[in-house]
Amino acid sequence: EVQLVESGGGLVQAGGTLRLSCAASGFTVDDYAIGWFRQAPGKEREALSCISSNSHETYYADSVKGRFTISSDNAKNTVYLQMNSLKPGDTAVYYCAAEVTWRDPCWLNVPYDYWGQGTQVTVSS
């Protein structure tokens, strides 16, 4: 079965750093595009970043560009989101998701096929 499990969330102060992990099973992360999304209370889900399954080219939303970095480790079948210079506005539940359709570069404005359960990130001021 396809499964994605996020971890690494927690409480940090503004300016701090967190590294989120998305552990995949039932498929290899090198075969699917992986995206990171977040949703804060009362707000729409926001697409943050993705990494393609072919060239591993990455995309970042303007809100996180320069602060967040997506990467993959095929040996661990895991995708990471390194989050630096965190702001209170980054507080949200963070989700990783996989898209089966091959695209290079990856797209975010498409329906992703598999989703994790999310991990809470809280940034205090």
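1. Points about the packing of aromatic side chains
Two measures describe an aromatic ring pair: the distance that separates the ring centres and the angle between the ring planes.
Line of reasoning, step 1. For the structure shown, the criterion picks out six aromatic pairs.
Line of reasoning, step 2. Through a chain of ring-to-ring contacts, three or more aromatic side chains come together here, namely F37, Y95, Y112 and W115.
Line of reasoning, step 3. In this structure, R103 is placed above the aromatic ring of W107, and the distance from its NZ or CZ to the ring centre is 4.5 Å.

2. Looking at the pairing of strand 4 (residues 33-39)
Line of reasoning, step 1. In terms of burial, strand 4 is a largely internal element, six of the seven residues being buried.
Line of reasoning, step 2. The pairing of strand 4 with strand 5 (residues 46-51) spans five bridges and is antiparallel. Following the sheet pairing, I34 is matched in strand 5 by I51.
Line of reasoning, step 3. The hairpin turn running from strand 4 into strand 5, its antiparallel successor, is six residues long, and G42 in that turn takes a positive phi close to 75°.

3. Some remarks on the nonpolar core
Line of reasoning, step 1. Counting 28 residues, the largest nonpolar core has F27, W36, F68, V79, L81, M83 and Y94 as its most contacted members.
Line of reasoning, step 2. For this core, the secondary-structure elements that each account for two or more residues are strand 3 (18-25), strand 4, strand 5, strand 7 (68-73), strand 8 (78-83), strand 9 (92-99) and strand 11 (119-124).
Line of reasoning, step 3. Leaving out residues up to four positions away in the same chain, F68 has contacts with R38, L48, Y60, L81, Q82, M83, N84, L86, D90 and Y94.
Line of reasoning, step 4. Counting residues in each nonpolar core, the second largest holds eight residues, with A33, C50, A97 and V110 among its members.

Cut-offs applied
- Residues numbered from 1 in each chain as written.
- Predicted model: local features only at pLDDT ≥ 70, side-chain atom pairs only at ≥ 80, totals over all residues.
- Heavy atoms only, no water.
- Phe/Tyr/Trp six-rings, centres within 6.5 Å; stacked < 30°, edge-to-face > 60°.
- Lys NZ or Arg CZ within 6 Å of the ring centre and 35° of its normal.
- Buried < 20%, exposed > 50% of the residue type's maximum accessible area, 1.4 Å probe, protein only.
- Helix = DSSP H or I, 4+ residues; strand = E, 2+ residues; numbered from the N terminus.
- Pairing = 2+ DSSP bridges.
- Core = buried A, V, L, I, M, F, W, Y, C linked by side-chain atoms within 4.5 Å.
- Contact = heavy atoms within 4.5 Å.

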